[in-house]
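What follows is each chain in one-letter form.
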Amino acid sequence: MNVGFVGLGAMGAAMVRNLLGKGVSVTVWNRSRAIVDELAAEGAIPAATADEAFAADIVLTMLAHDKAMREVLIDSGVLARARKGVVHVNHATISTDLAAELAGLHAELGLGYVAAPVFGRPPVAQAGGLNVLSAGAADATAKAQPVLEMLAAKVWPLGEDPVRANALKLAGNFMIVSAIESMGEAVALGEAYGVAAPDLLDMLSSTLFAAPIYKIYGAMIAERRYTPPGFAAELGLKDVRLVLDAAEAKGLSMPLADLAEASLESLLGGDEKNLDLAALAEVARGRVEGR
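Quick caveat: nothing in here was measured; it's all calculated off a predicted structure.

Visitor: Go over the pattern of salt bridges, please, and point to the residues and values.
Guide: Under the definition given, this model contains 15 salt bridges. Note that Asp-51 and Arg-81 form a salt bridge whose closest N and O atoms lie 2.9 Å from each other. Of the two residues, Asp-51 sits in helix 3 (residues 50–53) while Arg-81 sits in helix 5 (residues 78–81), which places them 30 residues apart along the sequence. A single salt-bridge network, built from bridges that share partners, covers Glu-191, Arg-224, Glu-282 and Arg-285.

Now the structure itself:
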């Protein structure tokens, strides 16, 4: 099976390396060329255009946001030119509106479409340990399943409507942001009373909150280790805004998401932009310290 891969940021590149390590033939394309050349040196087949990547049997995409998806795949005509029967697996975290639009567009063009957003940071992706959501028509998901299993600790099937996978992904990312916000506020309270962040977070993430999100992000918050980003704060803000848009479309109010948006805007309002999402905790610390 030939696999195409479009979008080689930290996550996309890690996923490609995992597939290469399992002997999969992967044709790669990215808007910036350096990572294409790097992966080609590791065994990937470099593509000069996104169309070349879409010549594969299955094409995986991991683009940063809705705008990139539109520019690279829709506005460019790449999807319109793709060979009928190709299965496109979209791993990106996108809006529920675009998810619905893509499902309809692929059906019109005779292309298979699977929404398969993932949970996990780049090292987990390279090790093949992602949790992969999967939703799409039965024939498309069946064709994609062997590749998804190479990427995943577990593939979570969510039926035939691709929008469901993207809605669940947004819900999960909202919970991650909320966990970091709560840890930041807890650390600020503890530090105000002389409890060091490593002591507070080690105790709580080993007992009451013994879960990967609290352990991974808790360690980063305790050490104030926010670069290089594994989950960029800018992407976290993008996701929270998508959450709010999705909620508004259904008449839902999400006060915690409103708070998260404001906190992330505050974090990214300074000079430093290239921060991990864990740096959100510094906003809570700043409230206590009066910054």
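After that view of the structure, there is still more to cover.
Visitor: Outline unusual backbone geometry, supporting the account with residue identities and numerical values.
Guide: The omega torsion across Thr-227 and Pro-228 is -5°, close enough to zero to call that bond cis. Turning to its location among the elements, Pro-228 is positioned in the loop between helix 11 (212–223) and helix 12 (233–249). For Arg-224, which is not a glycine, the phi torsion comes out positive at approximately 50°. As for its placement among the helices and strands, Arg-224 is situated in the loop between helix 11 and helix 12.

Visitor: Run through the layout of surface pockets, naming residues and quoting values.
Guide: Gaps left between atoms show up when a probe the size of a water molecule is rolled over them. The calculated volume of the largest pocket comes to roughly 1200 Å³. Elements supplying a minimum of two residues to the lining of the largest pocket: helix 1 (10–21), strand 7 (118–119), helix 7 (122–126), strand 8 (130–136), helix 9 (162–192), helix 11 and helix 12. For the lining of the largest pocket, the element with the most residues is helix 9, which contributes 6 residues. Looking at the lining of the largest pocket, its residues break down into 27 nonpolar, 13 polar and 6 charged. Volume-wise, the second largest pocket comes out at about 230 Å³.

Visitor: Tell me about the packing of aromatic side chains, and please be specific about residues and values.
Guide: Throughout the structure, instances matching the rule amount to 1 aromatic pair. Where Phe-209 meets Tyr-214, the ring centres are 4.9 Å apart and the plane angle is 40°; that geometry is what we call tilted. Here Phe-209 falls in the partly exposed class, since its relative accessible area comes to 37%. Here Tyr-214 falls in the partly exposed class, since its relative accessible area comes to 21%. Directly above the ring of Trp-156 sits Lys-154, whose terminal nitrogen or CZ lies 3.8 Å from the centroid.

Visitor: How would you sum up the side chain of Lys-238? Please name residues and give values.
Guide: Mapping Lys-238 onto the fold places it in helix 12. The residues contacting Lys-238, other than those within four sequence positions of it, are Ala-64, His-65 and Thr-93.

Visitor: I'd like a rundown of the pairing of strand 1 (residues 2–6), residues and numbers included.
Guide: In terms of burial, strand 1 is a largely internal element, 4 of the 5 residues being buried. Summarising the sheet, strand 1 and strand 2 (residues 25–29) pair through 5 bridges and their orientation is parallel. Across the sheet, residue Phe-5 finds its bridge partner in strand 2, namely Val-28. The parallel pair strand 1 and strand 2, bridged by helix 1, forms a crossover whose chirality is right-handed. Relative to strand 4 (residues 58–61), strand 1 runs parallel, the two being bridged by 4 bridges. Pairing of Gly-4 across the sheet is with Val-59, part of strand 4.

Visitor: Break down the packing of helix 12 against helix 13 (residues 255–267) for me, citing the residues and quoting the values.
Guide: Viewed as axis vectors pointing N to C, helix 12 and helix 13 meet at an angle of 150°, and their least axial separation amounts to 9 Å. Accordingly, the angle class assigned to the pair helix 12 and helix 13 is roughly antiparallel. For the pair helix 12 and helix 13, the crossing hand works out as left-handed. Where helix 12 abuts helix 13, its residues Ala-233, Gly-236, Leu-237, Val-240, Arg-241, Val-243 and Leu-244 lie against Ala-257, Asp-258, Ala-260, Glu-261, Leu-264, Glu-265 and Leu-267. Class assignment of the residues belonging to the contact of helix 12 with helix 13 gives a composition of 9 nonpolar, 1 polar and 4 charged.

Cut-off values and rules
- Residues numbered from 1 in each chain as written.
- Predicted model: local features only at pLDDT ≥ 70, side-chain atom pairs only at ≥ 80, totals over all residues.
- Heavy atoms only, no water.
- Salt bridge = Lys/Arg side-chain N within 4 Å of Asp/Glu carboxyl O.
- Helix = DSSP H or I, 4+ residues; strand = E, 2+ residues; numbered from the N terminus.
- 1 Å grid on protein atoms, 1.4 Å probe; cavity = no way out; pocket = protein on both sides within 12 Å on 5 of 7 lines; lining within 4 Å.
- Points joined across faces, edges and corners; volume = space filled by probe spheres on them.
- Nonpolar A, V, L, I, M, F, W, Y, C, P; charged D, E, K, R; others polar.
- Phe/Tyr/Trp six-rings, centres within 6.5 Å; stacked < 30°, edge-to-face > 60°.
- Buried < 20%, exposed > 50% of the residue type's maximum accessible area, 1.4 Å probe, protein only.
- Lys NZ or Arg CZ within 6 Å of the ring centre and 35° of its normal.
- Contact = heavy atoms within 4.5 Å.
- Pairing = 2+ DSSP bridges.
- Right-handed = clockwise from strand over helix to strand, strands pointing away.
- Axes fitted to C-alpha atoms, helices over the stretch in contact; angles between N-to-C directions.
- Parallel < 35°, antiparallel > 145°, perpendicular 65-115°, else oblique.
- Left-handed = near helix turned anticlockwise from the far one by under 90°.

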